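A closer look at the structure
Now for the letters of each chain:
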Amino acid sequence: MVEPYITERGGKQYMYRATSRYSPEKKGPVAETEYMGVVVDGKLRPKRGYYYNEETKEFGRIDASMSEADRPRRPSRDVTIRTRIFGDVYLLMAIQKRLHIRDHLRTSFGPEIGDILMAVSMAYTISPSALMHMEGIIDRRCIKEMLDLPEDLDLSSPRVSEFTKTVGSMEGEKEEFFAKRLDAEDGLLIYDLTSESTYSVRNPKVEWGRNKDHIPAKQINLGLVTNRMGMPLMFRLFPGSTADVATLKRLVDDVKRLKDGGDATIVMDRGFVTVRSTYFLLKHRMDFIAPMTMNESSVVKSIVTDLISYVGDVKHKLVHSGTSYTMVRSHLGVRRCRGANMKGRATVWEDPDGYELVLEEDESYRSCEYYLDVFAFHDARSAAEEINGMDLALRGIMDDLEGTKPTDPAKSFQRAAGIYSRMLDWTMDDEGMHLTVKQNAHTFAANRKGVFIMTAPADEDRTAAAVLDSYAVRDVIEDVFMEDKVEDDGRTPRSGDRDAIEGRTLIRMVSMMMKVEMLRRIAEVADDKRIKPSDKPRNIGRRTPEGLLASLSNIEKVQGDGWEHLTEITRDNRLVFNMFDVGPTKGLIEF
């Protein structure tokens, strides 16, 4: 038998074996050297796709069929070799343990259902696709082994479909799980309402409503609550036609009940905020942070004009998270106008009252029922980029139409100019069409670039920096949870069973918990100047949770009769594990 030898380079040991074969071309023997793998603690970790038996010194391809001559010490009985992906599962197990996810699932749903939920959620995190594909993802990995699930557990498409219905119907267990996640929070909660479109006609919660995806399909409204880091804490599904205010009322009541009446600050997205919803929040003494819609109302115009007048004033400068802002704080009144919407209602069920914002200088300001703090921000860097983009678009439109002689000039202009039509004038003469930019319209649009306005209940202790910190979480929610509103092949979900949708959403929520923790750590390591670039995984600032997990899939567990080992762990693998303070260099974690 050929004896292997070890070579040391850069403080690491590598094992090779040399063989000799007859070469017809050279008409004599030639030596061949084969790399076997890396040696760690005196034991060989074979290269990917190969196995090594320490007792018999047997080495070869896992799926290869070897002759007896190649394996002189092979036992007379057959040897069963099995390999499964280990690296990505190991990292997810370490993350969920840190976040107590499995513990809470097992306590809330029971050990068996809790572990199956954990298994499917881990598979979904590794490959966010239709749940019918989870069986293959799980079977190729060490998920069942690490969760102590039976090897013969059926996770086929029909079984997973049945499982999601079962979990979705377990209302008490879901409430207990949400309560455990809410329990540990300090009060700041982020609320998001989004629609999930579906072509199903069987689900009673699927209805026609204001579709934010802008597709001709019915929808379900999804209300999601997260903490300040974007970690999901609970969700609610509502009929697609449910008004935003009614949705928020139920969600707020549920949060208060599950937190045993504890206070919470709700951070909302721009799609939710209306004067009516703001009035509702103030009336019920809910603390919130919400952006104003940048419309052309007199209130918004006044706030923007005031803000622009302070650009360049150092007294109004705010440097936050590497960005310099001009910030102006002011106040607005909120009042209800009884019967103002009586004639404008489409149905008798609509609110007959109107609601309006009142500026401080207005005579009726002092008589308003409630008051808001307004934080207006101007980001000069973003403004410059947005104005540059706007000017390039205007120039492109003018170049395209200049000198043309369309049959219908007005229609051609509108089609080409689109959203920029209000900023351009056009005329026609014998030489064709001529376009000019409207100075006032351009100035009006340019002044709004880089501007955003945040509102909150009047509170003199609230700072602008705290408002920015709170709203930054919205980016995390949009990046992670909303990325899979369609299946991986672009299909809109078609499940018509209410409980199945509830169960599927819970799996997505658990998956998001692990993704958010990974995103948080990726951002920390990428921005940490104390860590040498050589000690960071390559391109860490551009890595995604899915990409990070995929980079660990080269680590496999190879098992034979009475033996097992891991395949080679690369330097990048070790750096990824080190980010989370886990991995073979830290000692394997017992799950």
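Residues numbered from 1 in each chain as written. Predicted model: local features only at pLDDT ≥ 70, side-chain atom pairs only at ≥ 80, totals over all residues. Heavy atoms only, no water.

**Some words on the overall build of the protein chain**
Along its length, the protein chain carries 18 helices and 21 strands. Across the 591 residues of the protein chain, 48% fall into the buried class. Long-range pairs, those at least 24 residues apart, make up 64% of the contacts in the protein chain between residues at least 6 apart in sequence. Put simply, the protein chain shows about 29,500 Å² of open surface, and 49% of that area lies on carbon and sulfur atoms. (Helix = DSSP H or I, 4+ residues; strand = E, 2+ residues; numbered from the N terminus. Buried < 20%, exposed > 50% of the residue type's maximum accessible area, 1.4 Å probe, protein only. Contact = heavy atoms within 4.5 Å. Areas by Shrake-Rupley, 256 points an atom, 1.4 Å probe, with all protein chains shown as cover.)

**So, the packing of aromatic side chains**
Any aromatic ring pair is given by two values, namely how distant the centres are and how the planes are angled relative to each other. All chains considered together, the criterion is met by 14 aromatic pairs. Note on Tyr279 and Tyr370: the rings are 5.4 Å apart at their centroids and 75° apart in plane angle, and the pair reads as edge-to-face. Of the two residues, Tyr279 is situated in helix H9 (residues 275-283) and Tyr370 in strand E16 (residues 370-379); the sequence distance between them amounts to 91 residues. Judged by its relative accessible area of 4%, Tyr279 falls in the buried class. (Phe/Tyr/Trp six-rings, centres within 6.5 Å; stacked < 30°, edge-to-face > 60°.)

**Let's talk about the nonpolar core**
In this structure, Leu91, Met122, Phe177 and Leu506 are the most contacted members of the largest nonpolar core, which totals 104 residues. If one sorts the elements of this core by residue count, helix H16 (residues 498-527) sits on top with 12 residues. The residues touching Met122, leaving out its near neighbours within four places in the chain, are Val89, Leu92, Met93, Ile143, Leu147 and Met514. (Core = buried A, V, L, I, M, F, W, Y, C linked by side-chain atoms within 4.5 Å.)

**A word on the pairing of E16**
As a general feature of sheets, a regular strand has side chains that alternate between the two faces. Burial of E16 is extensive: eight of the 10 residues sit out of reach of the surface. In terms of strand pairing, strand E14 (residues 323-337) meets E16 through 10 bridges, oriented antiparallel. Bridge assignment links Thr326 to a residue of E16, and that residue is His378. Bridge count for E16 against strand E19 (residues 451-457) is seven bridges, and the pairing is antiparallel. Bridging from a neighbouring strand, Val374 pairs with Thr455 of E19. (Pairing = 2+ DSSP bridges.)

**Describing the sheet that holds strand E7 (residues 82-85)**
Strand-to-strand pairing in sheets goes through backbone hydrogen bonds, with the strands running parallel or antiparallel. Read from one edge to the other, the open sheet built from three strands follows the order E7-E20-E21, with strand pairing classed as antiparallel. The two strands at the open ends of the sheet, each matched to only one other strand, are E7 and strand E21 (563-566). If you compare each strand with its neighbour and ignore which way they point, the axes differ by 15° on average. Both E7 and strand E20 (residues 556-560) contribute to a ladder of four bridges, which runs antiparallel. Across the sheet, Ile85 pairs through a bridge with Glu556, a residue of E20. (Axes fitted to C-alpha atoms, helices over the stretch in contact; angles between N-to-C directions.)

**Describing the pattern of salt bridges**
Counted under the stated rule, the structure contains 30 salt bridges. Arg329 serves as the salt-bridge partner of Asp373, at 2.9 Å between the closest nitrogen and oxygen. Separated by 44 residues along the polypeptide, Asp373 in strand E16 and Arg329 in strand E14 bring together distant segments of the chain. Asp373 gets classed as buried once you look at its relative accessible area, which sits at 1%. (Salt bridge = Lys/Arg side-chain N within 4 Å of Asp/Glu carboxyl O.)

**Re helix H6 (residues 157-168)**
Quick reminder: α-helices carry 3.6 residues per turn. Residues three or four places apart thus point the same way. Between the first and last C-alpha of H6 there are 16 Å, a value that for 12 residues agrees with the 16 Å anticipated at 1.5 Å per step. Of all the positions in H6, only Val160, Phe163, Thr164, Val167 and Gly168 are classed as buried. Projection of H6 onto a plane perpendicular to its axis shows the buried side chains occupying an angular sector of 125°, all on one side. Residues of H6 that are buried make contact with helix H2 (101-109), helix H3 (111-126), helix H7 (171-183) and H16. (Expected span 1.5 Å × (residues − 1). Arc of directions from axis to C-beta.)

**Some words on the side chain of Thr278**
Mapped onto the secondary structure, Thr278 falls in helix H9. Ignoring anything within four residues of it in the chain, the contact list for Thr278 reads Val273, Phe288 and Leu372.

**Side note on the side chain of His320**
Assignment of secondary structure puts His320 in strand E13 (residues 317-320). His320 gets classed as buried once you look at its relative accessible area, which sits at 12%. A distance of 3.3 Å separates polar atoms of two side chains, one belonging to His320 and the other to Ser321. (Polar contact = N/O pair within 3.5 Å; in protein donor to acceptor, adjacent residues only side chain to side chain.)

**Let's talk about H7**
Across its 13 residues, H7 extends 18 Å between first and last C-alpha, which sits within 8% of the 18 Å expected from 1.5 Å per residue. The complete set of buried residues in H7 reads Lys174, Glu175, Phe177, Phe178, Arg181 and Leu182. Down the axis of H7, the sector holding all buried residues measures 160°, keeping them to one side.

**Regarding the packing of H7 against H16**
Helix-helix packing: each pair is described by the crossing angle between the helix axes and the interaxial distance. One way to put it is that H7 packs onto H16 with a least axis distance of 12 Å and a crossing angle of 20°. Looking at the two axes, H7 sits roughly parallel to H16. For the crossing formed where H7 meets H16, the hand is left-handed. Side by side, H7 and H16 meet where Glu171, Lys174, Phe177, Phe178 and Arg181 of the first sit next to Arg498, Glu502, Leu506, Met509, Val510 and Met513 of the second. Of the residues assigned to the contact of H7 with H16, the class counts are six nonpolar, no polar and five charged. (Parallel < 35°, antiparallel > 145°, perpendicular 65-115°, else oblique. Left-handed = near helix turned anticlockwise from the far one by under 90°. Nonpolar A, V, L, I, M, F, W, Y, C, P; charged D, E, K, R; others polar.)

**A look at unusual backbone geometry**
Here the phi dihedral of Arg285 falls at roughly 55°; this positive angle occurs in a residue that is not glycine. Along the chain, Arg285 turns up in the loop between H9 and strand E12 (287-291). At Asp581, a position not held by glycine, the phi torsion is positive, near 55°. Mapped onto the elements of the fold, Asp581 is located in the segment after helix H18 (571-579). Judged by its relative accessible area of 51%, Asp581 is exposed.

**What to know about the state of the cysteines**
Inspection of the entire model under this criterion finds zero disulfides. Free of any disulfide, Cys337 has its nearest neighbouring cysteine sulfur in Cys368, separated by 9.0 Å. (Disulfide = S-S within 2.5 Å.)

**Some details on the confidence of the model for the protein chain**
Of the residues in the protein chain, 80% have a pLDDT of 70 or more, and the chain-wide mean is 82. Note on residues 197-217: pLDDT is under 50 here. Beyond four places in sequence and across chains, it has 70 contacts. (pLDDT = per-residue confidence, 0-100.)

**As for the environment of Leu153**
Topologically, Leu153 is positioned in the loop between helix H5 (143-146) and H6. Along the primary structure Leu153 and Ile116 are separated by 37 residues, whereas in three dimensions their C-alpha atoms are 9.4 Å apart. Apart from the residues lying within four places of it in its own chain, the contact partners of Leu153 are Ile116 and Lys144.

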